[in-house]
Amino acid sequence: MSETTTPTATPEYVFLPKDYKSDLKPIWCPGCGDFSVVQAIYRALAAIGRAPHETAFISGIGCSSRIPGYTTAYGFNSVHGRSLPIAQGIKLANPDLLVLAAGGDGDGFSIGGGHVPHLVRRNMDITYIVMDNQIYGLTKGQLSPTSPKGRMTCTSKYGSLEEPVNPLQYVLGYGANFVAQGSAADLIGMTAIIEEAIRFPGFAFVNIQSPCVTYGEESQQIKGLKAITEPLAAIGHDSSDRMKAMEIAQYYGQKFHTGVLYRNPNPPPTYESQVKERQAALSQGALPKEQILDLFIKR
Amino acid sequence: MRKDLVFGMAGSGGDGIVSAGESLLNAAAAEGYHGMMTKSFGSQIRGGESSCRVRISTEHLLNPGGDLDVAVALNWEDFLKFGAELPVSGSTVVIYEAATKVEPENIPLLGVTPLQVIAVPISEMAKATAGTERAKNTVVLGLIAGWFGIGREAVLAGFRKKLAKKGEDVLAANERAFNEGIKFAEEHPLKAPMTIALSKGAVSGKLMTDGNDMCAAAAIFAGCQFFSGYPITPSTEIMQFFGEHVWKYGGAMLQAEDEIAGIGAAIGASFAGKKAMTATSGPGLSLKTEMMGLASIAELPLVIVDVQRGGPSTGMPTKPEQSDLFAAAFSAHGDVVRPILAPTCVADTFRITVEAFNLAEEFQTPVIILSDQEISQRKETLDPIDTSQFKIVNRLRASATDLQDYNRFKITESGISPISIPGMLGGTYLASGIEHNEDGSPTASGDVHQRMNEKRIRKFEPLHNRRDLFSIEGNPTAPLALVAWGSIAGVCSEAVSIAREEGLNVKLLVPYLVYPIAEGVYREFFASVQRGLVVEQSHLGQFYRLLRMYVDLPKGVESMARSGANPFRPSEIVVVLHRLLAELQHSQAGKLQPQE
Ligand SMILES: Cc1ncc(C[n+]2csc(CCOP(=O)(O)OP(=O)(O)O)c2C)c(N)n1
Ligand code: SF4
Ligand SMILES: [Mg+2]
C-alpha cells in the first residue's frame, strides 16, 4: 500500500472532469448552487488525477447529499447527518482511498453536528464539503442551523429565535488544520479551494455558499452574496495565522469571505498513518489468528 | 463426596469478595475441576455491595447453578441485597462474619432453615494473622479449602504468582490468614461433611475466559479487522479486547463519539471491504437502529453484538435480561429481516460469533448477536477449541465478468448480488439508504421497491434449513417439552437432565438462530408435544410471543417468563414439568373414560 496523504496524478492517463461525471441526471432545481459545486468537484478531482474507482464519496441526506450519485466514484448516499462516521470507517479500512464527504448545512451542523469535532480531533485525511444554503431544501424550506436569527420559514412563521451556527468558527474552534470557504458563483475559485483541500494531508473543511433558488432568501442568492463578498486574497489574509482566521470567521453571515482561512503550515500526522505504525509495531510476533484462543489458556 | 458445589459470597466493595471468587475459580481450574463464576454488583462504582457465585464441578457445567450449597456473608445488609441471585435453601451451609453480632438462630433469612449456620470471626482472624482486615477474603478461601476440599495447594500457588510483586511479607501474611481459615474449619467440622470429589485430573490446554473476551477473540479469528463502538456496560470488554489485539492482525479499533458513529464507521469499513463489528447494550441498540436499516438496504455485511441488560432505558446495567429480542428483531423501520444469533454459554460464544460473521458475509446483511450480561461477564473453564474445524465464509465478490457491466444490486436467483469494493476497477456504484435500481441509482418506483424488498428477504430462505443452528436434547418424541434460548438454555438443559433421571419423558429445543423463525424446525419439534414451557428472562415473554407470530404452538405450551436479575433454578423448572405431566395424565385419563 502506498502513502496515503496526498493522492498524486498517475502518469499513464490524464483524467478529465468528464471522467468523474456519472450518467445520472441531477434532480436539483434549475439554478441550484449545487450544480456548480459538483462541477468544481469534477474539475478538482481531474486536476488531482486519482482514478474514480480509487475515490470514495460519502454523503448524508438532503438535496446536496445527492451529490455522490452524480460522480463516477464509489458513492455512499447514507442517512441524514451520518456521512462522517461512515467516511472514517472507509478511510481506516482502506487509507489508500481518496475520501470525500459532503452534505447540507442541516446534515452537517444540526443532526450530524456532533460528529464534526470528533473527525477534527482524529485528523483523518478526509475532505468535508458543506453546501451551505441556510435552509432545509429537501424537506421544502424549514429553518436550518445556519439560517440567520429572525428568519421566517414554514417552521419559524414569526421569525426564528435562535442565533445561527457559525460553521467557520466552530470548525476552527474544534482545532481543524484546514478551513476554507467558497462560492457557488465562482467556479474557478471554488475548484482551486476544493483541490487544495483534497491535497491537504489531513482533515480539511470547505464551507460553500450554495444558494437554494427555491426556498432561499433573496440575500442568500448569488446577487446578494456578491454584494457582501470579500476575497481573502484581496485583504491580504495570511492563511497560516489561526487567530486572524478566527477573527475573520466572526463575520460569517455578515461578510462573505472566500478563500483559505486557515491552513496549518506544519500539519500533524494523520490518524491513519499512526494506525499503520501501530499495526506494524504490534503485528510482529503476534499469535496467528488461528491460535488466538491460546490467550485464554490457564497456565 | 459431592460432584458439584455452588458457592455464593457477598460483601461490600472493599471486602475483595469477587477477587476471592476469582482465586477460588483459578484454584479449582488448576486442580482439574470445571468451574463457572458470575459476578453481580450494586450500581455504585466503588464500595457498593458486590457478590459472586462460583460453581465447581467434576463435570462440564451448563449454568451457574440454583440454590447455594455454601453461602458466605461478610455482612448481612449486602448479602440480602442480592435476593434471588443468592438463594439459600434447607441444604445450604451458611458461613457469616461473627462481628455482625447476629446469633446463628437469628440470621435474617426469612422462611428457611439452612442445613447449618456458622458464625466465624473472619475479620478478627484476618487481623490476628495478617495484621489487616483486608485479608478477610483470604480467610474465607482458607475456610473453603478446609471444609470443602478445594484449593488447599492451588490457592497458595496462585497467591505466589499474584502477590510476587508485593514482596515476601505480604505473601507470608496471606499464607497465615489462609492457614488460619483451614485451621478453623478443621477445628469446627461440618455436621454433614461436604467435601468435593476428586477431579478427573488437570487437562492441559484448558481455557478460562468470559463471554465478551470470547466473542472478540472469535471475531478476530473470523477475520474481523475493524471494530468501532461506544463504551456501555456490560459490553465494553469486547471493545477493550479489540483495542488490545486487533492491530496485530492489520485491523483497527475506533472508540466512536456515540453509538451511531460506532455503527456508522463499521458500516463504512464493511463498504470498504473489511469484516466489521460493533458492540453495545440496550440503550446503544436503540441508537443504532437507523443505521441497522441502512446496512440492510445497502446490503452490507456487519455484526452487531447486543449484550442484553435489564431495560427499558437505563434499566439495570449490571443485571442480565432477555428483553431486547423485540428490539433486535423489529427495530429499524421498513420491511426488513435481520438474522439474530444467541450463544448460550461462553464456550458456544465462539461458534456463534464465527457463524454471525459467516451469515453476515454470505447474505450481505447485518447480523445481531444477542448475548446477555450473564454470559458476557461470567468466567468459565473450557475444553480446548479446535479452530481448524471452523469454516470461514467471505462475501461473494464481483468477478471480472460481473464487472464488465456491473450491477451492484442485481436481482439474482439466490437474491445475493456479487459485491464490489472501492478500489476495484469497473465496480463503482452508489451505495444508498434510498431505494435503488439494480445499478444502485435512486428510484421511487413502486415496482422496483417491490422487487428489491422481495430480493432482500428471499435471500434468507436457506436460513430456514439451518438445523445445525438448533439443538435438541432428550427424547425427540417426548410429549413434554422445554424451549429456551441464550443463557437460560443452560438452566433448562440441566432441568431436563434432572427430570429425565426422575423418569419424565421430556425434551428441550435450543435455538441458536433466534430470528428469522425457522418455522419447519419448530413444527417438527412440537409435533409430539402436548405440554411444554417456553422459558425466558423477559417479563413480557418476548420469545414466546415471537414464536406465536410464526408458529401454531400446541395448546398446552405455556410461557414461563420473568423479569431479569431473577435467575431460574433448574429445580423449579422440574417442579413445573411434574405439574404439566400430572395435567397431561389427568386429561388423558379423562379421554379414556367410557363414553355413554
Ligand atoms: C433522521 C432523519 N430526520 C429527518 C429527515 C428529513 N430530512 C431530510 S433532508 C433534511 C434537511 C435537509 O437540509 P440540509 O441538510 O441543509 O440539505 P439541503 O437539502 O438543504 O441540501 C431533513 C430534515 C431524514 N431524512 N432523516
Ligand atoms: S430545493 Fe433548493 S437546495 Fe434543493 S435542489 Fe432546489 S434549489 Fe437546490
Ligand atoms: Mg441546506
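Residues numbered from 1 in each chain as written. Chains lettered and ligands numbered in written order. Predicted model: local features only at pLDDT ≥ 70, side-chain atom pairs only at ≥ 80, totals over all residues. Heavy atoms only, no water.

What about helix 7 (residues 211–221) of chain B?
Residue and element names in this part refer to chain B.
In step 1: Counting buried residues in helix 7 gives 10 out of 11 residues, a clear majority hidden from the surface.
In step 2: Taken together, the buried positions of helix 7 are G211, N212, M214, C215, A216, A217, A218, A219, I220 and F221.
In step 3: At the N-terminal end of helix 7, a side-chain oxygen is found 3.3 Å from the backbone nitrogen of N212, two or three residues along, and the residue is D210.
In step 4: Count one or two residues on from helix 7 and you reach G223, which has phi positive near 105°. (Buried < 20%, exposed > 50% of the residue type's maximum accessible area, 1.4 Å probe, protein only. Helix = DSSP H or I, 4+ residues; strand = E, 2+ residues; numbered from the N terminus. Polar contact = N/O pair within 3.5 Å; in protein donor to acceptor, adjacent residues only side chain to side chain.)

Some remarks on a nonpolar patch on the surface
All names here are of chain B.
In step 1: Side chains of F330, M549 and Y550 sit close together on the surface and give an oily, nonpolar patch of about 290 Å² of accessible area.
In step 2: Relative to the helices and strands, M549 resides in helix 18 (residues 542–550).
In step 3: Taking the relative accessible area as the measure of exposure, M549 reaches 54% and is therefore exposed. (Patch = residues over 30% accessible without salt bridge, like charges linked within 9 Å, V, L, I, M, F, W, Y side chains within 5 Å. Areas by Shrake-Rupley, 256 points an atom, 1.4 Å probe, with all protein chains shown as cover. Salt bridge = Lys/Arg side-chain N within 4 Å of Asp/Glu carboxyl O.)

Examining the coordination of the magnesium ion (ligand 3)
Around a metal, the perfect tetrahedron of four donors has angles of 109.5 degrees, and the perfect octahedron of six donors has angles of 90 or 180 degrees.
Residue and element names in this part refer to chain A.
In step 1: The protein atoms that coordinate the magnesium ion (ligand 3) are D105 (OD), N133 (OD1) and I135 (O), at distances of 2.1 to 2.2 Å.
In step 2: Read N to C, the donor residues that coordinate the magnesium ion (ligand 3) are spaced as D-x27-N-x1-I. With D105 in helix 3 (residues 105–111) and I135 in strand 5 (residues 135–136), the pair connects residues that are 30 residues apart, well separated along the chain. (Donors = N, O, S within 2.8 Å, 3.2 Å for Na, K, Ca; no water.)

So, the site of ligand 2
In step 1: By nearness alone, every residue bordering ligand 2 is listed as W28(A), C29(A), C32(A), C63(A), N133(A), C212(A), V213(A), T214(A) and Y215(A).
In step 2: The residue makeup of the shell around ligand 2, split by class, is seven nonpolar, two polar and no charged. (Near = heavy atom within 4 Å. Nonpolar A, V, L, I, M, F, W, Y, C, P; charged D, E, K, R; others polar.)

Looking at the interface of chain B and chain A
In step 1: Residue-level contacts link 62 residues of chain B with 47 residues of chain A.
In step 2: Taken together, both faces of the contact between chain B and chain A bury some 4500 Å²; the carbon and sulfur share is 70%.
In step 3: Looking at the side of chain B facing chain A, the largest losses of area belong to W247(B), Y249(B) and E257(B), adding up to 15% of the total buried there.
In step 4: Applying the counting rule to chain B against chain A returns one salt bridge.
In step 5: Between R122(A) and E257(B) there is a salt bridge, with its nearest N and O atoms 2.9 Å apart.
In step 6: Between chain B and chain A we count 18 residue pairs in polar contact (both at pLDDT 80 or more) in total.
In step 7: Going through the elements one at a time, strand 7 (207–210), helix 7, helix 8 (236–245), strand 9 (252–255), helix 9 (259–271), helix 10 (282–297) and strand 15 (430–432) of chain B are the ones with two or more residues in the side of chain B that touches chain A.
In step 8: The element best represented in the side of chain B that touches chain A is helix 9 of chain B, accounting for eight residues. (Contact = heavy atoms within 4.5 Å. Buried area = accessible area lost by both parts, 1.4 Å probe.)

Here we look at the confidence of the model for chain A
Close reading of the predicted structure is inappropriate where its pLDDT is low.
In step 1: Summarising the model, chain A shows a mean pLDDT of 95, and 96% of its residues fall at 70 or more.
In step 2: Note that pLDDT drops below 50 for residues 1–8 of chain A; the model gives that stretch 24 contacts with residues more than four away or on any other chain. (pLDDT = per-residue confidence, 0-100.)

Some details on the site of ligand 1
Residue and element names in this part refer to chain A.
In step 1: Near ligand 1, the surroundings consist of 17 residues, among which C63, S64, D105, G106 and D107 are the closest.
In step 2: At 2.8 Å from an oxygen atom of ligand 1 is found a main-chain nitrogen or oxygen belonging to C63.
In step 3: In this structure, an oxygen atom belonging to ligand 1 sits 2.6 Å away from a side-chain N or O atom of S64.
In step 4: Protein chains shield 77% of the accessible area of ligand 1, which is 590 Å² for the free molecule.
In step 5: With four residues, the top contributor of residues to the shell around ligand 1 is helix 3.

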